[in-house]
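Examining the three-dimensional arrangement
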Amino acid sequence: MDLEKMTKSALEQKKKGNTLQGQTKKQNEKRKIFIDVEELTVDEIYRSLIRHQTPEEEYQLKKSIEDEGIRDALVVYKRNENFVVVDGHHRLSAAKDMKIATVPIQEMQFANQDEARVWMLRNQLGRRNLGDAERIDIALKLTEFMEKLGIENKMTGKNLSANLHKGQKSQKIDRLQEASNIANVSRRNVAKYKKIFDSGDEKLLKEVVEGKKSIHKAHTEIAQKSKPKKELKVVKKAKVYSKEIETIFTKMEAWKKGNISDEDIKNLLQKHFGK
């Protein structure tokens, strides 16, 4: 084997752009189906399930596209002759910003919107580096749609399509426990997160999902919001009683000295204790 000759040949091929990596990329490009970005429809029903990118994530995505192109195809399904995006919203947005005319797509089939949303959420759970709050948020949404699909399928006698795993429960489920199993976190943490979500405090919820504040700390803040009012009421009541006791004591001392009549002291005691 002439190693020197092989090395020389490999260098010549590299100069021509015929590296193994380059050839693989060309083969993959041939297998992809490309479509004009203008032919893709973005539905808010699906986009609302996607977490917002941080500025750093957006920059890194565009840098990756600039260096290597859009490696992963956008997942779409056909609805009334339109291709609707169910995965790849950030890639599509970046492509539009970067004036890229076409993007690769992978077409899938879904029976209805809920089934598409279940697929989306399951796909998101497969991402790396998800925090507990993000996993719980996705899991709770997932169980909601799974429950709805299960009830609908039970009523119609239909099974879920091939895009979803088989054997889903058709009965009403314990969403907190189911979400706990899916997110691989404790049921207690799921319950805490749901309480934060149900509080309607969007700023606090955003801080939790983005990892700026722990679930426990946010839950404690929510739990304590109602406590100050109750404690304030007790304090005010205690102050009133304290003032009344001081008044009675002063009057009793004056009565002992003969400065207040028996009738007046009786009326005073009747006023405070005869209610």
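Residues numbered from 1 in each chain as written. Predicted model: local features only at pLDDT ≥ 70, side-chain atom pairs only at ≥ 80, totals over all residues. Heavy atoms only, no water.

1. Some thoughts on the side chain of Gln124
Relative to the helices and strands, Gln124 is located in helix H6 (residues 113–125). In terms of polar contacts, Gln124 uses its side chain to reach the backbone carbonyl oxygen of Leu49, at 3.1 Å. When near neighbours in sequence (up to four residues on either side) are disregarded, Gln124 contacts Leu49, Ile50, Leu130 and Ile138. (Helix = DSSP H or I, 4+ residues; strand = E, 2+ residues; numbered from the N terminus. Polar contact = N/O pair within 3.5 Å; in protein donor to acceptor, adjacent residues only side chain to side chain. Contact = heavy atoms within 4.5 Å.)

2. Comments concerning helix H5 (residues 89–97)
One turn of an α-helix holds 3.6 residues; hence residues three or four places apart share an orientation. Buried within H5 are the following residues: His89, Arg91, Leu92, Ala94 and Ala95. Positioned one or two residues after H5, Lys99 has a phi angle of 60 degrees, which is positive. (Buried < 20%, exposed > 50% of the residue type's maximum accessible area, 1.4 Å probe, protein only.)

3. Some details on the packing of aromatic side chains
Inspection of every chain in the model, using the stated rule, returns three aromatic pairs. Plain terms: the ring middles of Tyr46 and Tyr77 are 6.1 Å apart, the flat faces sit at 80 degrees to each other, and that makes the pair edge-to-face. Residue Tyr46 is located in helix H3 (residues 44–47), and its partner Tyr77 is located in strand S3 (residues 74–79); the two are separated by 31 residues in the primary sequence. Like Tyr46, the residue Tyr77 is buried in the burial classification. Plain terms: the ring middles of Tyr77 and Phe110 are 5.8 Å apart, the flat faces sit at 85 degrees to each other, and that makes the pair edge-to-face. Taken together, the positions of Tyr77 in strand S3 and Phe110 in the loop between strand S5 (102–107) and H6 put the pair 33 residues apart, joining distant regions of the chain. Among the aromatic residues, those joined into a cluster by ring pairs are Tyr46, Tyr77, Phe110 and Trp119. (Phe/Tyr/Trp six-rings, centres within 6.5 Å; stacked < 30°, edge-to-face > 60°.)

4. Observations regarding unusual backbone geometry
Its identity is not glycine, yet Glu81 carries a phi of approximately 70 degrees, on the positive side. Within the secondary structure, Glu81 sits in the loop between S3 and strand S4 (82–87). The phi dihedral of Asn184 falls on the positive side, at around 60 degrees, and the residue is not glycine. Along the chain, Asn184 falls in the loop between helix H8 (175–183) and helix H9 (187–198). What makes Asn184 exposed here is its relative accessible area of 67%.

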